[in-house]
Every structure is written in structure tokens, then in C-alpha cells.
Amino acid sequence: MNAMLEAVHGGYVRFDLDGRDYRIYFEEAGQGIPLLCLHTAGADTRQFRGLFNDPRITERFRVIAFDLPWHGKSSPPSGWQGEAWRLTSTLYCDMILGFMRALALEKPVVMGCSIGGRVCLNLALDHAARFLAIVGLQSAASTPRYYDPAWLEHPEVNGPVAGAATVMGLMCPDSPEAERWETLWHYMQGGPGVFAGDLYFYQVEGDFRDRVRRIDTTVTPLYMLTGEYDYSCSPQDTQETAAQIPGAKVRIMPGLGHFPMSENPQAFIEQLLPVLDEIEAAGRDATHG
Amino acid sequence: MTELNWERFRQQVNSDAVFARRSAGSNFRVLLGWGEEQYLVTVRDGRVDPVESGPFVMPQCDFALNGSASAWDRFAAARPAPREQDIFAFFRSGEIVLGGDTRKFYAHLMCLKLLLLHLRKMP
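Source: prediction; values computed, not measured.

J.: Can you help me understand the overall build of chain B in this one?
T.: A count of helical and extended segments in chain B gives 6 helices and 6 strands. Along the chain direction, N to C, the helices and strands of chain B fall in the order α-α-β-β-β-β-β-α-α-β-α-α. For a compact globule of 123 residues, the expected C-alpha radius of gyration is about 14 Å, and chain B comes in at 13 Å, within 12% of that figure. Taking the principal axes of the C-alpha coordinates as reference, chain B spans close to 30 × 30 × 25 Å. Buried positions account for 48% of the 123 residues belonging to chain B. If you take every contact in chain B between residues at least 6 apart in sequence, the share linking residues at least 24 apart comes to 65%. Here chain B carries 16 positive and 14 negative side-chain charges, and the mean point of each set is 8 Å from the other.

J.: Which parts of the structure should I look at to understand the packing of aromatic side chains?
T.: For any pair of aromatic rings, geometry is given as the distance between the ring centres together with the angle between the planes. Evaluation of the coordinates by the stated rule reveals 24 aromatic pairs over all chains. The interplanar angle of 35° and the centroid separation of 5.9 Å between the aromatic rings of W70(A) and W85(A) together place this pair among those described as tilted. Here W70(A) is found in the loop between β4 (61-66) and α3 (89-102), whereas its partner W85(A) is found in the loop between β4 and α3, with 15 residues between them in sequence. Residues W70(A) and W85(A) agree in their burial class; the two are buried. With a centroid separation of 5.6 Å and 85° between ring planes, the pair formed by F63(B) and F105(B) is classed as edge-to-face.

J.: Can you walk me through the interface of chain B and chain A in this structure?
T.: A common measure of how large an interface is: the accessible area buried when the components associate. Residue-level contacts link 21 residues of chain B with 30 residues of chain A. Of the roughly 2,200 Å² buried where chain B meets chain A, counting both sides, 68% is carbon and sulfur surface. When the buried area of chain B at its contact with chain A is split by residue, R92(B), Y106(B) and M110(B) rank highest and sum to 32% of it. Seen at the junction of chain B and chain A, the total is 3 salt bridges.

J.: Which parts of the structure should I look at to understand the environment of A141(A)?
T.: Residue and element names in this part refer to chain A. Here A141 shows up in the loop between β6 (133-137) and α5 (159-168). For A141, a relative accessible area of 3% translates into the label buried. Here the alpha-carbon distance between A141 and R213, two residues 72 residues apart in the chain, equals 10 Å. In contact with A141, other than residues within four places in its own chain, are R118, L121, G206, D207, F208, R209, V212 and T241.

J.: What exactly am I supposed to notice about the pattern of salt bridges here?
T.: Pairing between side chains of opposite charge can happen when the charged atoms of each approach one another. Applying the stated criterion across every chain, the model contains 25 salt bridges over all chains. The partner of D44(A) in a salt bridge is R46(A), with the nearest N and O atoms 2.9 Å apart. Residue classification places D44(A) among the buried positions, given a relative accessible area of 4%. Here D62(B) and K104(B) are joined by a salt bridge, their closest N and O atoms 3.9 Å apart.

J.: Just to check I follow, could you spell out the nonpolar core for this structure?
T.: Most often, soluble globular proteins keep nonpolar side chains buried together rather than apart. Of all hydrophobic cores here, the largest spans 105 residues; its most connected members are F99(A) and L65(B). Among the elements that take part in this core, α3(A) stands out by supplying 8 residues, more than any other. When near neighbours in sequence (up to four residues on either side) are disregarded, F99(A) contacts V13(A), F15(A), I24(A), F26(A), L36(A), I64(A), F66(A) and L105(A).

J.: Sorry, what's going on with the pairing of strand β1 (residues 9-17) of chain A here?
T.: Two faces belong to every sheet, and in a regular strand the side chains alternate between them. As paired elements, β1(A) and strand β2 (residues 20-29) of chain A share 9 bridges and run antiparallel to each other. The partner of D16(A) across the bridge, within β2(A), is D21(A).

J.: Help me understand the pairing of strand β2 (residues 37-44) of chain B, please; the structure alone is not making it clear to me.
T.: All names here are of chain B. As paired strands, strand β1 (residues 28-34) and β2 are joined by 7 bridges and run antiparallel to one another. Directly across from F28, in β2, lies its bridge partner V43. Hairpin remark: β1 followed by β2, antiparallel, with 2 residues in the connecting loop; positive phi at G35, about 65°. Pairing of β2 with strand β4 (residues 52-53), which is carried by 2 bridges, proceeds in the antiparallel orientation.

J.: Got a minute to help me understand the packing of α5(A) against helix α6 (residues 109-117) of chain B in this structure?
T.: Helix-helix packing is characterised by the crossing angle of the two axes and by the distance between the axes. Following both chains from N to C, one finds α5(A) and α6(B) inclined at 30°, their axes separated by 8 Å at the closest point. By the angle between their axes, α5(A) is roughly parallel relative to α6(B). Contacts between α5(A) and α6(B) involve V161(A), A162(A), A164(A), A165(A), T166(A) and M168(A) from the first element and L109(B), M110(B), K113(B) and L114(B) from the second. For the contact of α5(A) with α6(B), the class distribution of residues is 8 nonpolar, 1 polar and 1 charged.

J.: Would you mind showing me how to read the sheet that holds strand β5 (residues 109-113) of chain A here?
T.: All names here are of chain A. Pairing is mixed in the open sheet, where 8 strands are placed in the order β1-β2-β4-β3-β5-β6-β7-β8. The open sheet has two edge strands, β1 and β8 (249-253), and neither has a second partner. In this sheet, adjacent strand axes meet at a mean angle of 20° when their direction is disregarded. Note: strand β3 (residues 33-38) against β4, 5 bridges, orientation parallel. Bridging from a neighbouring strand, P34 pairs with R62 of β4. Its contacts with the sheet place helix α8 (residues 235-242) against β7 (222-227) and β8, and it is angled at close to 165° to β7.

How each quantity is defined
- Each chain has its residues counted from 1, following the order in which its sequence is written.
- Chains carry letters and ligands carry numbers; both start at the beginning, A for chains and 1 for ligands, and go up in the order they are written.
- Where totals are concerned, whole chains, interfaces and linings use all residues; where local detail is concerned, this predicted model gives features only for residues with pLDDT of at least 70, and gives and counts side-chain atom pairs only at 80 or more.
- Where side-chain values are given, they derive from all heavy atoms of the structure, hydrogens and water being excluded.
- Secondary structure elements are taken from DSSP: a helix is a run of H or I of four residues or more, a strand is a run of E of two residues or more, and numbering for both begins at the N terminus.
- Each radius of gyration reported is based on C-alpha atoms, and the globular scaling rule is 2.2 Å times the count of residues to the power 0.38.
- Burial here depends on accessible area, computed with a 1.4 Å probe over protein chains only, as a share of the maximum for the residue type. Under 20% is buried, over 50% is exposed, and the range in between is partly exposed.
- We call two residues in contact when some of their heavy atoms are within 4.5 Å.
- When charges are counted, Lys and Arg contribute as positive and Asp and Glu as negative, whereas His and the chain ends are disregarded.
- Charge positions come from single atoms, namely NZ of Lys, CZ of Arg, CG of Asp or CD of Glu.
- What counts as a ring pair is set by centres within 6.5 Å for rings of Phe, Tyr and Trp (its six-membered ring), and what kind of pair is set by the plane angle: stacked under 30 degrees, edge-to-face over 60, tilted for all other angles.
- Accessible area that two parts lose when put together, with a 1.4 Å probe and added across both, is what the buried area reports.
- One side-chain nitrogen of Lys or Arg within 4 Å of one carboxyl oxygen of Asp or Glu is enough to make a salt bridge.
- By nonpolar core we mean a set of buried residues, namely Ala, Val, Leu, Ile, Met, Phe, Trp, Tyr and Cys, connected to one another through side-chain atoms within 4.5 Å.
- Here the rule is simple: two strands pair whenever DSSP picks up at least two bridges between them.
- Note on definitions: angles span 0 to 180 degrees between N-to-C directions of axes, and those axes are lines fitted to C-alpha atoms, for helices only across the stretch in contact.
- Roughly parallel means an angle under 35 degrees; roughly antiparallel means over 145; roughly perpendicular covers 65 to 115; every other angle is labelled oblique.
- When residues are sorted by character, Ala, Val, Leu, Ile, Met, Phe, Trp, Tyr, Cys and Pro go into the nonpolar class, Asp, Glu, Lys and Arg into the charged class, and all the rest, Gly among them, into the polar class.

That is the geometry; function is a separate question.
Right, dumping it as C-alpha cells:
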């Protein structure tokens, strides 16, 4: 038998937000510059398993990811049974900043995908100075509503399986089969109504179009990386957003879809490494300059 | 799309172990409007019945996917172009439109998508 203990380890942190106690699960690996990773809607930290296990990253970066409340191994807050999960811009930003405070993370790089890519724009506008750099994956100011996620909460629909089916085509068909199905498994394990609750932010409340132009990348650099097979946040969507943000750096990733870090970790990391190199070098220059 | 051998398609889908496992218990009838052509695909207890070809007069189906022949041909290409690999991509572009019972569509979406993937595996 061959066995390999991964370098990643997990833990729980508890903190209050708006008078509610949250029990948040997180995973981390590596050392160096904190790299705070934000998962997609309806998913969890396992999407970043490739990054946690790549020494080219973990030798220089402390990779950290947390499950939003209601997601993965993070609990919903007490009283959840009478509530519907609805992610909002304010709650999302507060949760990220609360997690950073709880773990005493100083000037991390933040990298989020999809809803995480969207909230990166919020962070770039309202909290840029708290970050060394901001990396939005599949990031754009808005997305059109071409399907109604309310059906994922219908009592006669298996929401997590239908959610997985909804997103399965967002990946590049050439991404490794095992990684694509691992990505779908995360969706199939989602809590009832959670994916749809995230999409409230993604499709409705989190529309950022009226604020994009106010982002100032001289405070903190903004990178936007988008897989070419993504039709939810298409390359054009990203490019149209970036065109309104002077200094935003766009990279369109060939052969990748909406879940780059999870559907094909190796291909994604090849795209990410030059970005991390640049961020690390800029951080070093700032320290020594 | 008249060249497509639907009987071979049916056999191919029904011999797919992943389809069989993930579609167990599925029952629905979907009308594919492929430009001017119509095809009625019935899934019964997770297996595909012989596909019926139109034209139909008021066909009995649970839901329909209607699109241009061009849209379906591009979706069914062995190697679809980026952002043409899924019916939801064509929902966004408006080139394929869902009609009928949306609840049933979502209830059987995994089965439907696995089924449609076989279009691009046909010789």
C-alpha cells in the first residue's frame, strides 16, 4: 500500500458577526505570504486542493481557504432551520474581513472564484488597502439571468444534484474527468437551498456595474483570470469589466472553464504561477524599497 | 442532422454505465426541436426508448428544447467551441429555448445532460 499524507490541515474558528456566532471551517497549507482563497457558489474549500498540494506555491505562500457558513463543514448559525440562506455583498465582505481578523491575517492576497471573483470587486473598491493583491477568477461585474435557481429549491427537485447538473457544462470538456466529477461531487454535497442562496448574490444583489469605475488599482493591484470555456462569466464579460478599471490585468486561460482551480488544478496553476511571481516580487520591492 | 443514427444513439446511451447509475429511476419525454426537425426522446426507468422522429402534431412531452439546426449542430460537435459545450450556454445566447414543465426539466437535468453528451460521441 502506498500512502501519502497531504500537507493540508484544517481547523475551526468561531467569531461573531452582527450578534451571531459563526463556526467556520478552514484549511491551510504552506508558509509565507497569506493567499486567502474563496470558493464558488454552492461549493467549499476542497476546490483548492491542487493549490494546497503544490510546493511551487506553498513554499512561498500560506494558502488558506474557508467554507462560507452553510457550506462544506461550516455550520449555519443557530436558528438556521427557520431561515433561507441569502448571500449579500455586505455579509460576504463582513465574513471575509471577520475571518481575516479571527486568524490575524495581515495583508493577504485574496483570490476568489465566481461569486468569490465578484466579491473581489467589492473588496477592491471598499477594502483594497487591506490586501497585498486581489485576484478575481471568473470575475465580472454582473451576470445575466439565463436560468432561475429557484427551481433548485423546489420540493420535487433534488437541489444538490440538479445544481451539479446545472454547472457541469461550465467546465472545459478537456479537463480531467476525475477532477470534473470531484468538482460535481462538492455540489452534490451542498446543503438544501445553499447554491440558490449564493446565486442571489451572483445574479441579483451583487450586480456591481454601477461601481466598477471607482476601483483604484494604484492602491492594490487587481488581476482578473478567466477560463475561455466559461459562458457564465465569459472572457468577454471579464474584459468588459476590466476595460472600466484602469490598471486591471486580464489573463484569459485557454482550456479552462468556470472552476479552473478545481476542474484542472495543474493547468490552472501554470496560469497562476506568473501572477503569484509578480505579486511576490512587487511585495518584495515594496518591503525593500 | 438527418444523418444521425438515433438507434445507435439509443444503444450508446443505454450502454453507458455512468448514465445508468446517475439516471436510475428517471422518467421523462423531451422534444428536441432541431431546426425544422423534431425528435422525441423518451427515458423510461433510466433507459432510452427508441427515438421517434417528427413531424408531430401536438406531441406528448414533458418539456421541449427548441433551437436552430446551427445551434444544435454546434452543440453536438465532437469538439464544441468554447462556450458552446452546454445547453445552458445556448440558453444564455437565446439559441436554444426551454419550454414545457420546468420542474421536470430540473428534476431530470443530470440525466438529460448525460444523454445529450452522447450526441457528440456519435460517429
